[in-house]
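One-letter residues, chain by chain:
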Amino acid sequence: MSLYPQSQGYAQVGYAHAGPAYPPHQPPPQPSYYGVTQAMFYADPTHFRRDYTARLGQLTFNSRPHIQSLSMIAQDYTRYADIVVQCVEQHIRRAPPHTKLPAFYLLDAMSKNVFDPYARLFAPVVVRLFLDTYEVVDQATRHKMEEMLGTWRTGAPTGRQLFGVVAQQAIEREIWGGQSTQSVVRRLPVLSHRRPRSTRGKQNTSRPGQAPISTAQVLSELEFVLSSKERTLQVNPYDKQAATHVQILQQLRKVVQAGVPQDDLGQILTQLRTISPAAPTVAQAPPVVPISQPYPSSSSAAPYHYPTPVTLPSIPSASYPISPSYPPSNPVLPKAEPAEISSLTSVASAPVASTSTLPSVLPINVSSLFNKIMQTGVLSSSASSTPPGSRSATQREDSAAPSDTVELAKEYTNTVLTSAPKLTSVDILKHKPAVAQLLYSRLPGQCKQCGLRFPVDASGKKRLEEHLDMHFAQNRKASQANGRGYNRSWFVSIDDWLNDGIADPKGKRRAVGFKATVKGGAADEAAQRDAELRAMRVVVPPGDETKSFSCPICKEILKPEFNEDDEEWVWRNAVLKDERIYHATCHAEAMLSKTSLATRLKEETGRSRSQTPELLRSPARANLSLPGEPMKGGSPSPSKLVGSKRKVDAEGSVSSRDSPTPPMKKVALSAA
Amino acid sequence: MSERLAVPREWVLNAESEYRFELDPGTSVAIKLVRGQAEIFGAELVEGKTYFFYEECKAAIFTWQGCTIEITGQPSTEYISDETAMNAYGNIHLALEAMRIRALDRTKSNQPQGYGSDSQSSEPPRVLILGPENSGKTSLAKILLNYATRAAQDWCPMLVNVDPGEGASMLPGTISAAAIPAPLQTSTPAHRLGRAATTAPTHMTSNSLLPLAYWYGHAEVKRNPLLLDRLIRNLGENVWDRHEDDTQGRVSGVIIDTPSSFAANTGGNADHRQALIKACVDAFRINVILVVGHEKLNAEMQRTYAKHITVVKVPKSGGVVELDAPYRSRIHKYQMHSYFYGERFTLPPGMPSLTSAPAAAGYLVGGEQIMDFTLAPSSFVVPFGDLTMWRIGEETMAPSSALPIGATRVVSEMQPIQVDPSQAGSGLYNAVLALLASPNPDESERYDEEILDLHVVGFIVITNLDIPNKKMTVLAPTQTSLVGKTAIVGTFEWEE
Ligand SMILES: [Zn+2]
Ligand SMILES: [Zn+2]
């Protein structure tokens, strides 16, 4: 009897005992400069540092495999994360300008793929590092850096700023100018919503005190809009409108690159923001407004339009820069107002012939260029008598979708009930089913990791968020458990099986593609709890955004983040307990072993009794004190009923499991 | 296999067409959705991710809207076809979806549950899929389940497999039921209908299913139809029991995949075939029967059931391929291996290895990021007496000469017979055994055939018998004590 050694790699191991069905094989050939990674083993940090530095030194050009390999090592050796971060920073600083960019791509890859710890550790240094680098590199590299910066806006697993809003904003302000001080940042999203439509077009050119708009800024935004359009086109290669947009934007890019006066730059910027179906979203947001609304706020009166399906960013979505353009992992749920859609539509229906001549009349007044296109579009829209804003039926079907959850649900129900055929051998062959609409275009919010789709209403948004947190937790789990070895679980007992379906009466957890599994799935259970804890937040008392508080347990600094929905600063993964702010995860872990918490806190408490007065006034949320509560009774023993069928009614409490967490799970769920 | 480097090739699919491929043993392909939208047996592919297929996988990438895919590696067969049955399958999905919606509606309005003909229209779909060999029953089941999970309606349909030759999310020899909360992935024929849970974290719930299973012990239905009948009814009762308290699950419905022998009206099969279909219809309160590509069976089902049940003839997909016996036996090997050791495969030559590719490369194996499926089982030696082993309805293979003179072998089909490992010819060496749940702790509740009604908690293989020392070596998914446990042996063997 021989067992497979767990340490052997997945793809390197053949079926040692296998018959003819599994021929022996070689690992695929690999270029030697990065093929060595498999054999790596580091005895100590010094050794690791030396080796990693040496490998970085080889990163002299934009080599995808090399970047992948370095990123992989970083992922495997998160215990040396500090060293990795130091090495990379040092390397970027010392490297000659033309080799800095590949290292930045590495930094980007690590931070996106292994968000924790890398994004966290890079966050304090990334601003200076980016700006210093930006200063010394050539124009082409700057452009690539700007593209990368754009992807950072939504680079975190949650779809938020990869290095936090503060860092993002600091960089963008420096390179694109503008007046986005913190207060402005917090006010702007509001403005962009409440601004009367009539003044919209003049917003950027007429604001007094406005920093001059740079060509780079316009180009950068243009790239975002363009790439979003290109993406739309990729998703639906038959979308003629998107194709036309891409064409127009490419022409416009040439025009801008050739140089246009300041006035026109402003015009273009305005137009871009107008034309972009995703204008106020994260990825396409104007750079001076780094904080933006990833979702349409339901309070706004304007009806929302959801163009062709787009995908939401998710955890490891980085694509690698072999091609000159670094594809932003951007598109987010677009929102556009009717006026914008109509101009968009008229632009779209402009005959190609009339636009293709435009670059030849350089230099031109670009704003009139736009007007011309729009006019032509309107005039030529005789081809179809549909008014601007209503495109082909399938395209716009979902545009009528009300933002209200109930309405969305009703609409789905109606669509199904009216389009479902009678279940007979003849009827099922009669019509083409509306599958493409019901399973694809109706659900524009797609998880880029597993492909599950969600509606864009409030509940869909929340579920997608939970879903992404789940992936995040599972990724973390997987990276931490490396080498520990997994095994097939025993199948659940009949009682657990009978009650498995009602653990959550609404099936919410299952629907987001995740379910706590009994027994064998203890890991899952823990991961889920972890995800739930990480979703908890505490509102930062006004004025404290810049102060730093550290978690009493792990001593890490808690970094505030801006919550777009409520427009307030929050700490994520945080709980307020006894006027102290803790990581929710740290706190929960500590609560599992109260004695250990006591031990850990003894010295801390003894050292500083001083409370933060601001924290006392913090607007406490309902969920703040929950995670510890179920443990109040003492040890976290489950209320387990052995032997009997553990049925509970659907509205009742969670059925008890073999894992000691249900009470807590329930509370956390309802609080989320 | 030649080691030539595989160059990625692009295929452009028009709307409503599919790319079909079949793999040779030991090979794999990587498929990336470059642009557009596509699905595999109803599970959507994510643009830009690289999906791996291996272990003689035969599958099809279908697109409703048109797409471009990139293939790395060399399938033994590959082609594009627009002759699919997807329009019919999509319509069936819509019809089932309408049933779910009505059923949920009724639940909400608190109407009583009933089975009369007037309430028929608001019953959730409980679908029995019948069809001859190679008609694509399992694929249809998978598509219908996957579409339901993708509707964003929190459906969690129950997948029931009563084909003991298939294995569903566990191993052949079982019949099982599992709630399907997320799309079932496709990568290997070892897991056509999802994977049973491991201790590894997974991203797809369909890769950590919690099935309930009974051990039939044989691949062939005709071997012991009476036993299968009883197990089907056991399973049905439990599904019903579970759905009693689980509104969302009940409303989502049940989809049942069946063995092809249910459809084969040849020879002496007819009796047990009819009886087993009846067992399913009763046990799961079937209200929809889908007959895939079989005119005669459709007529028969119409005749027998159409009064109370919707019977629909469904076209067979053009992509269905013949699966011969040697193929099935290789799949069994993959399934056994995968149960204990997880999955491993060789990448198409020239691709960066799974271990050196970062997550950003977008590698997905059955929907999971790499390396999640490598498992470490346990092998240990136990005294014979630790484990009680049984065979159902079959005498051990003792030679006839060993029987008393004049004695004949008369064993009822349902009779449990204890197997003595110390006896030569016990048939235990390399045998696959189902480890059973504990019998009722209350002695007074026990009964003779209780063992037939105990569900499976896992599988073990006896890899060595040391008769002089009365010890045996057992391979189990993980270290465990077998003391006082019960196991049933069937006709499955496995040698690594
Ligand atoms: Zn996902
Ligand atoms: Zn902490």
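Since this is a predicted model, take the numbers as computed values, not measurements.

Asks: Please explain the overall build of chain B as it appears in this structure.
Replies: Along its length, chain B carries seven helices and 24 strands. Per-residue burial for chain B yields a buried fraction of 67% across its 496 residues. Sequence-distant contacts in chain B: of pairs separated by 6 or more residues, those separated by 24 or more amount to 74%. Carbon and sulfur atoms form 49% of the exposed surface of chain B, whose accessible area is close to 16400 Å².

Asks: Explain the overall build of chain A here, please?
Replies: Scanning chain A for helices and strands turns up 27 helices and nine strands. Within the span of chain A, comprising 672 residues, buried residues form 56% of the whole. Put simply, of all contacts in chain A between residues at least 6 apart along the chain, 70% involve residues at least 24 apart. Taken as a whole, chain A presents about 27300 Å² of accessible surface, with 56% of it coming from carbon and sulfur.

Asks: Just to check I follow, could you spell out the sheet that holds strand 3 (residues 28-36) of chain B for this structure?
Replies: Strand pairing within a sheet occurs via backbone hydrogen bonds; the two strands may be parallel or antiparallel. All names here are of chain B. Ordered by their spatial adjacency, five strands build an open sheet running 1-8-3-6-17, and the pairing between neighbours is mixed. The open sheet terminates on both sides in strands that have one partner only, identified here as strand 1 (9-13) and strand 17 (363-364). With two bridges connecting them, strand 6 (residues 50-54) and strand 17 associate as parallel partners. Looking at strand 17, one finds that Thr 50 is bridged to Tyr 363.

Asks: Can you walk me through the coordination of the zinc ion (ligand 1) in this structure?
Replies: The textbook angles at a metal center are 109.5 degrees for a tetrahedron of four donors and 90 or 180 degrees for an octahedron of six. All names here are of chain A. Within the protein, the zinc ion (ligand 1) binds to Cys 447 (SG), Cys 450 (SG), His 467 (NE2) and His 471 (NE2); these donor distances fall in the range 1.9 to 2.3 Å. Written as a sequence motif, the donor arrangement for the zinc ion (ligand 1) is C-x2-C-x16-H-x3-H. Taken together, the residues span a long stretch of sequence, with Cys 450 in the loop between strand 1 (445-446) and strand 2 (453-454) and His 467 in helix 20 (residues 458-480) at a distance of 17 residues. Judged by its relative accessible area of 0%, His 467 falls in the buried class.

Asks: Just to check I follow, could you spell out the pattern of salt bridges for this structure?
Replies: A side chain with one charge can pair with a side chain of the opposite charge if their charged atoms come near. The full count for this structure, using the stated rule, is 37 salt bridges over all chains. Residues Arg100(B) and Glu97(B) are paired through a salt bridge, measuring 2.9 Å at the closest nitrogen-oxygen approach. Here the residue Arg100(B) and the residue Glu97(B) both occupy positions in helix 1 (residues 86-108), the gap between them amounting to three residues, near one helical turn. Residue class for Arg100(B) comes out buried when judged on its relative accessible area of 1%. Its relative accessible area of 0% is what places Glu97(B) among the buried residues. Two residues, Lys278(B) and Asp282(B), come together in a salt bridge whose shortest N-O distance is 3.0 Å. With Lys278(B) and Asp282(B) both in helix 5 (residues 270-283) and four residues apart, this pair spans about one turn of that helix. A relative accessible area of 40% means that Lys278(B) is categorised as partly exposed. We classify Asp282(B) as partly exposed; its relative accessible area is 32%. Residues joined by salt bridges that share partners form a network here, namely Glu89(A), Arg93(A), Arg128(A) and Asp132(A).

Asks: How should I be thinking about the packing of helix 6 (residues 115-136) of chain A against helix 8 (residues 165-176) of chain A in this particular structure?
Replies: Each pair of packed helices can be described by the angle between their axes along with the distance between the axes. All names here are of chain A. Contact pair helix 6 / helix 8: the axes reach a minimum separation of 9 Å and the direction vectors enclose 15°. Compared by their axis directions, helix 6 and helix 8 come out roughly parallel. For the pair helix 6 and helix 8, the sense of crossing is right-handed. For the pair helix 6 and helix 8, contact is made by Ala 123, Val 126, Val 127, Phe 130, Leu 131 and Tyr 134 and by Ala 167, Ala 170, Ile 171, Glu 174 and Ile 175, respectively.

Asks: Sorry, what's going on with the packing of aromatic side chains here?
Replies: In this description, a pair of aromatic rings is defined by centroid distance and the angle of the planes. Throughout the structure, instances matching the rule amount to 24 aromatic pairs over all chains. When the ring of Phe491(A) is compared with that of Phe459(B), the centres are 5.9 Å apart and the planes differ by 75°; the resulting orientation is edge-to-face. One end of the pair, Phe491(A), is in the loop between helix 20 and helix 21 (494-500); the other, Phe459(B), is in strand 22 (residues 456-466), on a second chain. Assigned by exposure class, Phe491(A) and Phe459(B) land together as buried.

Asks: It is not clear to me how the pairing of strand 18 (residues 378-383) of chain B should be interpreted in this structure. Could you clarify?
Replies: Along a regular strand, successive side chains alternate from one face of the sheet to the other. Residue and element names in this part refer to chain B. What you see with strand 18 is a clean split: Ser 378, Phe 380 and Val 382 sit on the buried side and Ser 379, Val 381 and Pro 383 on the side with no burial. As paired elements, strand 18 and strand 23 (residues 471-476) share six bridges and run antiparallel to each other. Paired with Val 381 across the bridge in strand 23 is Thr 473.

Asks: Before we go on, may I ask you to explain unusual backbone geometry in this structure?
Replies: Excluding glycine, residues mostly have negative phi values, and the peptide bonds linking residues are mostly trans. For the bond from Asp116(A) to Pro117(A), the omega torsion is 15°, close enough to zero to count as cis. You can see Pro117(A) is positioned in helix 6. Look at Ala152(B): it is not a glycine, yet its phi comes out positive at around 60°. Along the chain, Ala152(B) falls in the loop between helix 2 (137-150) and strand 11 (158-161). In this model, Asn430(B) sits at a positive phi of 65°, which is unusual for a non-glycine residue. Within the secondary structure, Asn430(B) is located in the loop between strand 20 (416-418) and strand 21 (431-436). In this structure Asn430(B) comes out as buried when scored by relative accessible area, which is 10%.

Asks: Looking at this structure, I do not really get the nonpolar core. What am I missing?
Replies: In summary, soluble globular proteins display a tendency toward joint burial of nonpolar side chains. Residues and elements named next belong to chain B. Formed by 71 residues in total, the largest nonpolar core has its most connected members in Tyr 19, Ile 31, Phe 53, Ile 69, Tyr 89, Ile 92 and Leu 290. Examining the composition of this core, we find that 12 residues originate from one element, helix 1, more than from any other. When sequence neighbours within four positions are dropped, the list of residues in contact with Tyr 89 reads Leu 140, Ile 143, Leu 144, Val 292, Val 314, Pro 315, Lys 316 and Ser 317. Grouped together as the second largest cluster of nonpolar side chains are 68 residues, Tyr 216, Ile 277, Val 432 and Leu 452 included.

Asks: What's the story with the confidence of the model for chain B in this structure? I'm lost.
Replies: As a general rule, the predicted coordinates of low-pLDDT regions are not to be interpreted in detail. Residues and elements named next belong to chain B. Mean pLDDT over chain B stands at 89; residues scoring 70 or higher make up 90%. Note that pLDDT drops below 50 for residues 114-119; the model gives that stretch eight contacts with residues more than four away or on any other chain. The low-confidence segment residues 396-400 (pLDDT under 50) makes eight contacts with residues lying over four places distant or belonging to another chain. Here the predicted complex scores 0.57 on pTM and 0.90 on ipTM.

Asks: Looking at this structure, how should I read the environment of Thr585(A)?
Replies: Residue and element names in this part refer to chain A. Summarising the element assignment, Thr 585 is placed in helix 24 (residues 584-592). When the C-alpha positions of Thr 585 and Ala 531 are compared, they lie 9.0 Å apart, and in sequence the two are 54 residues distant. Setting aside its immediate chain neighbours within four residues, Thr 585 contacts Asp 530, Leu 533, Arg 534 and Asn 573.

Asks: When you look at the packing of helix 1 of chain B against helix 2 of chain B in this model, what are you seeing that I'm missing?
Replies: Residue and element names in this part refer to chain B. Two elements in contact, helix 1 and helix 2, have axes separated by 10 Å at closest approach and are oriented at 50°. Considered as vectors, helix 1 and helix 2 are oriented oblique to each other. Like other packed secondary-structure pairs, helix 1 and helix 2 cross with a definite hand, here right-handed. Along the contact surface, helix 1 presents Met 86, Tyr 89, Gly 90, Ile 92, His 93, Leu 96 and Arg 100, while helix 2 presents Leu 140, Ile 143, Leu 144, Tyr 147 and Ala 148.

Asks: I keep staring at the pairing of strand 11 of chain B and nothing clicks. Help me out?
Replies: All names here are of chain B. Along strand 11, one buried face is formed by Met 158 and Val 160 and the opposite face, lined by Leu 159 and Asn 161, is buried too. With four bridges joining them, strand 11 and strand 12 (residues 174-179) adopt antiparallel strand pairing. Counted as the bridge partner of Met 158 is Ala 179 from strand 12. In this structure, strand 11 lies alongside strand 14 (residues 254-257), joined through four bridges in parallel fashion. Counterpart to Asn 161 in the pairing with strand 14 is Asp 257.

Asks: Looking at this structure, I do not really get the sheet that holds strand 6 (residues 560-563) of chain A. What am I missing?
Replies: Residues and elements named next belong to chain A. Strand order in the open sheet formed by three strands is 3-7-6, and the pairing between neighbours is antiparallel. Where the open sheet ends on each side, the last strands, each with one partner, are strand 3 (537-539) and strand 6. Strand-to-strand twist across the sheet, computed as the mean angle between neighbouring axes with direction ignored, equals 45°. As paired strands, strand 6 and strand 7 (residues 568-572) are joined by four bridges and run antiparallel to one another. Opposite Glu 561, over in strand 7, you have Val 570 as the bridge partner.

Rules used in this analysis
Residues numbered from 1 in each chain as written. Chains lettered and ligands numbered in written order. Predicted model: local features only at pLDDT ≥ 70, side-chain atom pairs only at ≥ 80, totals over all residues. Heavy atoms only, no water. Helix = DSSP H or I, 4+ residues; strand = E, 2+ residues; numbered from the N terminus. Buried < 20%, exposed > 50% of the residue type's maximum accessible area, 1.4 Å probe, protein only. Contact = heavy atoms within 4.5 Å. Areas by Shrake-Rupley, 256 points an atom, 1.4 Å probe, with all protein chains shown as cover. Pairing = 2+ DSSP bridges. Donors = N, O, S within 2.8 Å, 3.2 Å for Na, K, Ca; no water. Salt bridge = Lys/Arg side-chain N within 4 Å of Asp/Glu carboxyl O. Axes fitted to C-alpha atoms, helices over the stretch in contact; angles between N-to-C directions. Parallel < 35°, antiparallel > 145°, perpendicular 65-115°, else oblique. Left-handed = near helix turned anticlockwise from the far one by under 90°. Phe/Tyr/Trp six-rings, centres within 6.5 Å; stacked < 30°, edge-to-face > 60°. Core = buried A, V, L, I, M, F, W, Y, C linked by side-chain atoms within 4.5 Å. pLDDT = per-residue confidence, 0-100.

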